[in-house]
Amino acid sequence: MGFDRISEIVDLERYPLDQLASSRVAALLADGQAALARDALFSLPGFVRPDAAAVMADELEARVPMASRYEDERIAYIDYNPDLPKEHPHRVTHPCRYHQVLNHQISNDSPLRTLYSWEPLREFLRRMMGYDTFYRSECPHLALTAKVAGKGDTDGWHFDGNDVVFSLLLRASEGGGRFEYVPNLRTPECENYDAVAEVFSGASNRVRCADLKIGDLNVFQGDQTLHRVSPVEGDH
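Residues numbered from 1 in each chain as written. Predicted model: local features only at pLDDT ≥ 70, side-chain atom pairs only at ≥ 80, totals over all residues. Heavy atoms only, no water.

Description of the overall build of the protein chain
Of the regular secondary structure elements, the protein chain holds 5 helices and 12 strands. Since a compact globule built from 236 residues should have a radius of gyration of about 18 Å, the 18 Å found for the protein chain is in line with a globular shape. Counting only C-alpha atoms and orienting by the principal axes, one finds that the protein chain spans roughly 55 × 40 × 30 Å. Split into buried and exposed, the 236 residues of the protein chain put 44% on the buried side. (Helix = DSSP H or I, 4+ residues; strand = E, 2+ residues; numbered from the N terminus. Rg over C-alpha atoms; globule rule 2.2 N^0.38 Å. Buried < 20%, exposed > 50% of the residue type's maximum accessible area, 1.4 Å probe, protein only.)

Given below as structure tokens:
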């Protein structure tokens with residue numbers, strides 16, 4: 001299969017984004033907007049067909065030797081405040097380890113790029129987010145990227161610097177690698193540091209674990225939602 005048609009990549013019977021005016025798409029948009037307001041996460045299970053997801057995953061794994069490697073400790077916030085005590089949640093650091101395949105390393109004929117460039121998907125996501133305008137990034141490095149995690153790799157607790165992330169799960173780990181999050185833990189008016197500290201200590205009962213599967217398309221608002229990927233176990 002060459003994945004020349006979007007129907008070979010996307011399950012259009014389940015998600016008819018090629019019919020954006022249809023009542024089924026309207027229902028998807030309503031469900032998505034309600035889920036984002038409530039949970040900060042909306043998943044479309046099995047959006048990408050299994051054969052296409054497998055090819056995408058194989059292509060990305062083959063590029064790991066040339067991928068960027070990130071291995072560092074970082075705080076959960078975008079801004080850094082050295083005036084706060086070291087034990088303050090704003091200064092606590094978390095391990096981050098993974099490979100990242102960059103946009104220019106993903107081939108133009110990849111089914112992943114075909115999906116990224118598919119206009120109905122862009123328009124569907126624009127409508128879901130309620131944006132007046134929504135453009136694809138033209139950055140040669142970061143427009144389309146993939147994180148590849150091996151044994152011990154993790155993406156520590158953090159808030160995102162952007163208001164939404166669109167992602168696909170293309171390969172599951174043997175163990176670990178769980179997407180854990182606390183919806184809407186902070187607001188623009190209140191950082192809720194006590195609750196953040198509870199999450200960091202492992203004492204919080206508010207942490208959720210998303211049951212993500214291969215092929216799922218995920219819309220996630222992580223700017224106010226604390227989240228992480230737990231350490232990967234096993235060789236994949």
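Looking at empty space enclosed by the protein
Remark: the empty space left among the atoms is shown by a probe the size of a water molecule rolled over them. Under the counting rule described, the total for this entry stands at 1 cavity of 30 Å³ or more. Size it by volume and the largest cavity reaches roughly 40 Å³. Lining the largest cavity, in full, are M56, E59, L60, R63, I106, S107, S110 and L112. Broken down by element, the lining of the largest cavity gets its largest block of residues, 3 residues, from helix α2 (residues 50–62). Grouping the amino acids of the lining of the largest cavity by side-chain chemistry returns 4 nonpolar, 2 polar and 2 charged. (1 Å grid on protein atoms, 1.4 Å probe; cavity = no way out; pocket = protein on both sides within 12 Å on 5 of 7 lines; lining within 4 Å. Points joined across faces, edges and corners; volume = space filled by probe spheres on them. Nonpolar A, V, L, I, M, F, W, Y, C, P; charged D, E, K, R; others polar.)

Here's the deal with the sheet that holds strand β6 (residues 165–168)
Pairing in this open sheet of 3 strands is antiparallel, and the strands run β1-β10-β6 from one edge to the other. At either margin of the open sheet sits one strand with a lone partner, and together these are β1 (41–44) and β6. Neighbour-to-neighbour, the strand axes of this sheet turn through a mean angle of 15°, independent of strand direction. Relative to strand β10 (residues 217–220), β6 is paired through 4 bridges, and the arrangement is antiparallel. Bridge assignment links F166 to a residue of β10, and that residue is V219. (Pairing = 2+ DSSP bridges. Axes fitted to C-alpha atoms, helices over the stretch in contact; angles between N-to-C directions.)

Observations regarding the environment of E191
With respect to the helices and strands, the residue E191 is situated in the loop between β8 (179–182) and α5 (193–201). Take E191: its relative accessible area is 28%, and that puts it in the partly exposed class. When the C-alpha positions of E191 and A203 are compared, they lie 18 Å apart, and in sequence the two are 12 residues distant. Ignoring anything within four residues of it in the chain, the contact list for E191 reads Y77, R186 and V196. Within polar-contact distance, the side chain of E191 engages the side chain of R186 at 3.1 Å. (Contact = heavy atoms within 4.5 Å. Polar contact = N/O pair within 3.5 Å; in protein donor to acceptor, adjacent residues only side chain to side chain.)

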